[in-house]
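Secondary and tertiary structure notes
Here is what each chain is made of, one letter per residue.
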Amino acid sequence: MEIDYKLPKKGWMDVPAELKKGFFCYGAKEKSLMAVDFPNARQWSVIEKDWKLPENWKQIILDGMADRLKRYRSFRLFMDICVRCGACADKCPVYLGTGDAKNMPVLRAELLRSVYRRYFTKAGKLGRLAGARELTLEVLKEWWYYFYQCSECRRCSLFCPYGIDTAEITIIGRELLNLLGLNIEWIAGPVANCYRKGNHLGLEPHTIKNSINFLLDEIEGVTGIKIEPSFNRKGSEILFVIPSGDMFADPGTYTCMGYMMLLHELGLDYTFSTYVSEGGNFGFFTSQEMAKRLNYKIYAEAKRLGVKWILGGECGHMWRVISQYMDTYNGPADFLETPRSPITGTEFQNAKSGKMVHISEFTADLIKSGMLNLDPKRNDHLKVTFHDSCNVARGMGMFEEPRYIIKAVCNNFYEMPENTIKEKTLCCGSGAGLNASENTEFRMRAGFPRANAVKYVREKHGVNMVGCICAIDRAALPPLLDHWVGDVGVCGVTELLANALIMKGEKERTTDLRGQELK
């Protein structure tokens, strides 16, 4: 990967955007936009010159900006206070991996800010002297290209001296594009499916149940224990919501097996819902309104089933929405009780409003209280590092609980370099709905900084497994690490826990959940 970080000789306004193959996703399909009543639903192609926009597309965008400047105080603030110091530039994994100056967070925001100056400030009448420019079709396409290259990981915001959250600017940029039907199918498709069927793949309840039953057979083969979870059971104490990827795609399926083994061992009174079979929220990558609509289904189902509180699985954007936006969207959830562990008696005060507890918080509390019988030697064939998922780490502030679990169930744990973990964690390169196949080159470049950190601990300590608590990471990291590192697997933290969990009545285990022989 040869990258030239020197800035172009011409000013950035004079360098037109080149839509490179491998760096963008396919445009949203007409049926996906129609399913959720998105505007300007039509068949279109990114590579064609005509994107089939409404005649008054420019006015639609400007009216949309005016509306959001009025509604969102943060948006107007972020448009006005940036001094373009560039402190964020070399902190962005996308810029580090692509070398494209317009992927610097400061300049990506400037793509939108320059139009804001032209139409919403008095100084904008001076044009380029004030850093302002006209909204043209070329500018619009430039927005689309670069706003769908931002993974919204928010690493840049950590280093901004003014506290500007560039991801919030990206969110508004995508909202404005969405007013013209300029979405990508890898986001619009899952949004439509989730709105209609309750999960990103659009699967029916019986399919979900059959998939779970298959995993139960796998668990029985490893442990000799037959687990019988409930589905859609009214009056359960807990509604358990997980990302659908954990039910259908490796390596997430092993994490799902771990969930069920843990909850069975505890004898927890919980139920799955085949109607809310998705904790993830791709609406968050589309608009605030769509994120609100998709988040609501979790609480509507909790009310329908009459549960007391909600337990959530290992999912990134589900937890960012719950932790940062839930109260504004749909809360507070006053019809539910403040979550209390029926095993330890711990009341989770941090979940007092959202009434939803992360599986890692719940599990760490169990371990600290001595409620689990664990044999960490069962993971001795693994040398583990931990990838802090952006949305859970920077978005939720969860750093120590997953590490506490891993150290309790693994004898071989090694941290990646300090400037690549916890609040400074590096993105998998495929967040914010960019985990498609047509943009593979972009994903490999955007995820290169993270892969480089894994390569470091691979070479120094022999690490062969990366733990994480995000379904997108479990999907995105395997091809990334295969490409840059090799011979390193990816797993959920609950999978590692399940390997070490000594269950009552289990047979002698000879393999882990993946069928690998124990050391």
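Predicted model, so just to flag it, every value in this text is computed and none were measured. What you see as residue numbers is a count from 1 along each chain, following the sequence as written. Whole-chain, interface and lining totals are the exception, using all residues; otherwise, since this is a predicted model, local features are given only for residues with pLDDT of at least 70 and side-chain atom pairs are given and counted only at 80 or more. The side-chain quantities take in all heavy atoms of the structure and omit both hydrogens and water.

Brief notes about the sheet that holds strand β3 (residues 309–312)
- Here a strand pair is declared whenever DSSP counts at least two bridges between the two strands. Numbering of helices and strands starts at the N terminus; helices are DSSP runs of H or I of at least 4 residues and strands are runs of E of at least 2. If you trace the four strands from one edge of the open sheet to the other, you get β2-β1-β3-β4, paired in parallel fashion. The open sheet has two free edges, formed respectively by β2 (270–271) and β4 (356–358), since each of these has just one partner strand.
- Of the strand pairs in this sheet, strand β1 (residues 238–241) and β3 are connected by four bridges, and their pairing is parallel. By the bridge assignment for β3, isoleucine 238 is matched with tryptophan 309.
- Note on contacts: a residue pair qualifies if any of its non-hydrogen atoms lie within 4.5 Å across the two residues. Axes here mean lines fitted to C-alpha atoms, for a helix over just the part in contact, with angles spanning 0 to 180 degrees between N-to-C directions. Of the strands in this sheet, β1, β3 and β4 are in contact with helix α14 (residues 316–324), which crosses β4 at around 135 degrees.

Thoughts on the pairing of β1
- Residues of β1 alternate between two faces, with Ile238 and Phe240 on one and Leu239 and Val241 on the opposite face, all of them buried.
- In this structure, β1 lies alongside β2, joined through two bridges in parallel fashion. Note that in β2 the partner of leucine 239 across the bridge is threonine 271. Relative accessibility thresholds used throughout: buried, under 20% of the residue-type maximum; exposed, over 50%; partly exposed, between the two (1.4 Å probe, protein chains only).

Side note on the pattern of salt bridges
- Any Lys or Arg side-chain nitrogen found within 4 Å of a carboxyl oxygen on Asp or Glu counts as a salt bridge. Under the definition given, this model contains 31 salt bridges.
- Linking arginine 113 and glutamate 110 is a salt bridge whose minimum nitrogen-to-oxygen distance equals 3.0 Å. Taken together, the positions of arginine 113 and glutamate 110, both in helix α5 (residues 105–120) and three residues apart, correspond to about one turn of that helix.
- Among the ionic contacts, a cluster of salt bridges with common partners joins Asp67, Arg68, Arg71 and Glu175.

Regarding the side chain of aspartate 165
- With respect to the helices and strands, the residue aspartate 165 is situated in the loop between α7 (155–159) and α8 (166–178).
- For aspartate 165, a relative accessible area of 9% translates into the label buried.
- Residues within four places of aspartate 165 in sequence aside, it is in contact with Phe78, Arg154 and Ser157.

Considerations on the nonpolar core
- Residues Leu112, Leu140, Trp143, Trp144 and Leu182 are the most contacted members of the largest nonpolar core, which totals 94 residues.
- Each of two domains, domain 1 (12–183) and domain 2 (190–500), supplies a minimum of three residues to this core. To qualify as a nonpolar core, a set must consist of buried Ala, Val, Leu, Ile, Met, Phe, Trp, Tyr and Cys residues joined through side-chain atoms within 4.5 Å. Domain start and end points were adopted from an automatic or database domain assignment.

Brief notes about the packing of aromatic side chains
- Any pair of Phe, Tyr and Trp rings, taking the six-membered ring for Trp, is counted once the centres come within 6.5 Å. Such a pair is stacked with planes under 30 degrees apart, edge-to-face with planes over 60 apart, and tilted for the rest. If you walk through the whole model with that rule in mind, you get 20 aromatic pairs.
- Pairing phenylalanine 240 with tyrosine 259 gives two aromatic rings, centres 5.3 Å apart and planes at 90 degrees, and the pair type is edge-to-face. On the criterion of sequence distance, the pair formed by phenylalanine 240 in strand β1 and tyrosine 259 in helix α12 (residues 252–266) is long-range, its members being 19 residues apart.
- Overall, tyrosine 259 belongs to the buried group, its relative accessible area being 0%.
- An aromatic cluster is defined as three or more aromatic residues linked by ring pairs; in this entry it consists of Phe24, Trp44, Trp51, Trp144 and Tyr148.
- The criterion is that NZ of a Lys, or CZ of an Arg, lies within 6 Å of the ring centre and within 35 degrees of the ring normal, and then a charge sits over that ring. Here lysine 20 stacks its cationic end above the ring of phenylalanine 23, 6.0 Å away from the centre of that ring.
- Above the plane of the ring of phenylalanine 159 lies lysine 91, whose end atom (NZ or CZ) is 5.2 Å from the centre.

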